[in-house]
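Breakdown of the fold
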Amino acid sequence: MDITSVPDEEAKAPFRIIWIPLYSSSDKAVVDQHFKAQKSYMECYVTPYPSMVSNEAAEFIKAKWRFKNKSNILVALDPNGRVLNINAMHMIWNWLARAFPFTRSRERALWKEESFGLRLLLHEMFSDWIRDKRYVFIYGGDNEEWIQQFTTSARSVAANWGIPLELLFVEKPGKEYQKTATSGVLTKMAIRQVVPNDGLHSWFFWSRLRSLLISRINHRRAQGIRFDFLNTLTPRSLP
């Protein structure tokens, strides 16, 4: 999935996103530099300057909306300024504009429409695998010998049993990991990745997975059902 599709979806929906920057640093030069860099690629409404956010407003956001430093929240408000969702970030990650108006009832309705599976997790990435109902192993690691052994074994079993299998390697964000785990064996064995050599999309994959789990846990708790992660990922839940 291309995260730049979020503004396109948002533009068609009856809502707008406003970024209110809150910084813990008191160094104005550092704050201004970081704000300028962030603002340059954000396609939403933005407070012109961090200094325009008063101390009273910042304290209100921290106290009432439970904002913590170095975290991201997305508070959904109705046209009258009433809070609909204290943090709809995971709903945006999972369903984009389909999540509107970002209420708990809307979240429950979305889970009735779609189960936890590859279609939600991968979204538009590798859509042909989902369409063709292929089995997908998602795996990772930084041990090249293990990666090679697992890949060889999985492909051998799939070939012997006629299983339509695809292998998808997922990196952890971070340059150090990418240098050790992806430099040799992935290219040598032609192993597909979420997005080769792209830390942003790797980060997006893990953020989306975390958001799906948070949303699913909330949904199950609302039903009075204990969340079972392993049972959630059984083949029955896959598209």
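Presented here is an overview of the structure given in this document. (Residues numbered from 1 in each chain as written. Predicted model: local features only at pLDDT ≥ 70, side-chain atom pairs only at ≥ 80, totals over all residues. Heavy atoms only, no water.)

As for the overall build of the chain
Just so we agree on the cut-off: Secondary structure follows DSSP: runs of H or I at least 4 residues long count as helices, runs of E at least 2 residues long count as strands, and numbering of each begins at the N terminus. Any residue under 20% of the maximum accessible area for its type is buried, any over 50% is exposed, and the rest in between are partly exposed; the area is computed with a 1.4 Å probe on protein chains only. Residue contacts follow a heavy-atom distance rule, with two residues in contact if any of their heavy atoms lie within 4.5 Å. Throughout, the Shrake-Rupley method with a 1.4 Å probe supplies accessible areas, and for residues the shown protein chains are the sole cover considered.
Across its full length, the chain holds twelve helices and seven strands. Looking at the chain as a whole, 37% of its 239 residues qualify as buried. In the chain, once contacts between residues fewer than 6 apart in sequence are set aside, the share between residues at least 24 apart is 56%. Total accessible area on the chain stands at roughly 15,200 Å², and carbon and sulfur atoms take up 54% of it.

Notes on a nonpolar patch on the surface
We apply this condition: To count toward a patch, a residue needs a relative accessible area over 30% and no salt bridge; like charges are then connected within 9 Å, while nonpolar side chains (Val, Leu, Ile, Met, Phe, Trp, Tyr) are connected within 5 Å. Criterion for a salt bridge: a side-chain nitrogen of Lys or Arg within 4 Å of a carboxyl oxygen of Asp or Glu.
Where nonpolar side chains cluster on the molecular surface, the patch consists of Tyr-135, Val-157, Trp-161 and Ile-163 and spans about 480 Å² of accessible area. Here Trp-161 lies in helix α8 (residues 144-161).

Notes on the environment of Val-75
With respect to the helices, strands and loops of the structure, Val-75 is situated in the loop between α3 (55-64) and β3 (76-77). Looking at Val-75, the relative accessible area reads 18%, which means it is buried. Separated by 58 residues in sequence, Val-75 and Ile-17 place their C-alpha atoms 9.7 Å apart.

Looking at the packing of aromatic side chains
Rules: Centres within 6.5 Å are what make two rings of Phe, Tyr or Trp a pair, Trp counting through its six-membered ring; a difference in plane orientation under 30 degrees is then read as stacked, over 60 as edge-to-face, and the rest as tilted.
According to the stated counting rule, one finds eleven aromatic pairs in the structure shown. Measuring from centroid to centroid gives 5.9 Å for Phe-100 and Phe-102, while their planes differ by 90 degrees, and the two rings are edge-to-face. Here the aromatic rings of Trp-146 and Phe-150 are separated by 5.2 Å at their centres, their planes lie at 10 degrees, and the arrangement is stacked. Separated by four residues within a single helix, Trp-146 and Phe-150 lie in helix α8, roughly one turn from each other. A relative accessible area of 38% means that Trp-146 is categorised as partly exposed.

Let's talk about helix α5 (residues 104-113)
What counts, and what does not: To obtain the arc, one takes the directions from the helix axis to the C-beta atoms.
All buried positions along α5 are accounted for by Glu-107, Leu-110 and Trp-111. The buried residues of α5 occupy an angular sector of 100 degrees when projected down its axis, which confines them to one face. With respect to the buried face of α5, the exposed residues turned more than 90 degrees away are Lys-112 and Glu-113.

Looking at the pairing of strand β6 (residues 165-169)
A regular strand places its side chains so that they alternate between the two faces of the sheet. To be explicit about the condition: For two strands to be treated as a pair, DSSP must find no fewer than two bridges joining them.
With respect to burial, β6 is a largely interior element, five of its five residues being buried. Of the two faces of β6, the one carrying Leu-165, Leu-167 and Phe-169 and the one carrying Glu-166 and Leu-168 are both buried. The sheet contact formed by strand β5 (residues 135-139) and β6 spans five bridges and is parallel. Bridge assignment links Tyr-139 to a residue of β6, and that residue is Phe-169.

What about the side chain of Thr-47?
In this fold, Thr-47 is placed in the loop between β2 (45-46) and α3. The exposure class of Thr-47 is buried, given its relative accessible area of 13%. When sequence neighbours within four positions are dropped, the list of residues in contact with Thr-47 reads Trp-19, Ile-20, Pro-21, Phe-35, Met-52 and Val-53.

As for the nonpolar core
This is how the line gets drawn: Residues enter a nonpolar core if they are buried and are Ala, Val, Leu, Ile, Met, Phe, Trp, Tyr or Cys, with the set joined through side-chain atoms within 4.5 Å. The split into domains, and so the bounds of each, comes from an automatic or database assignment of domains.
Ranked by internal contacts, the top residues of the largest apolar core, which has 27 residues, are Phe-102 and Leu-122. Among the secondary structure elements, those contributing two or more residues to this core are α4 (89-95), α5, α6 (118-122), α7 (127-131) and α11 (199-222). Residues lining this core come from more than one domain, with at least three contributed by each of domain 1 (18-113) and domain 2 (118-194). Judged by nonpolar contacts, the second largest core, of eleven residues, contains Ala-154, Leu-165, Leu-167 and Phe-169.

Honestly, that's just the spatial picture; any functional story needs more than this.
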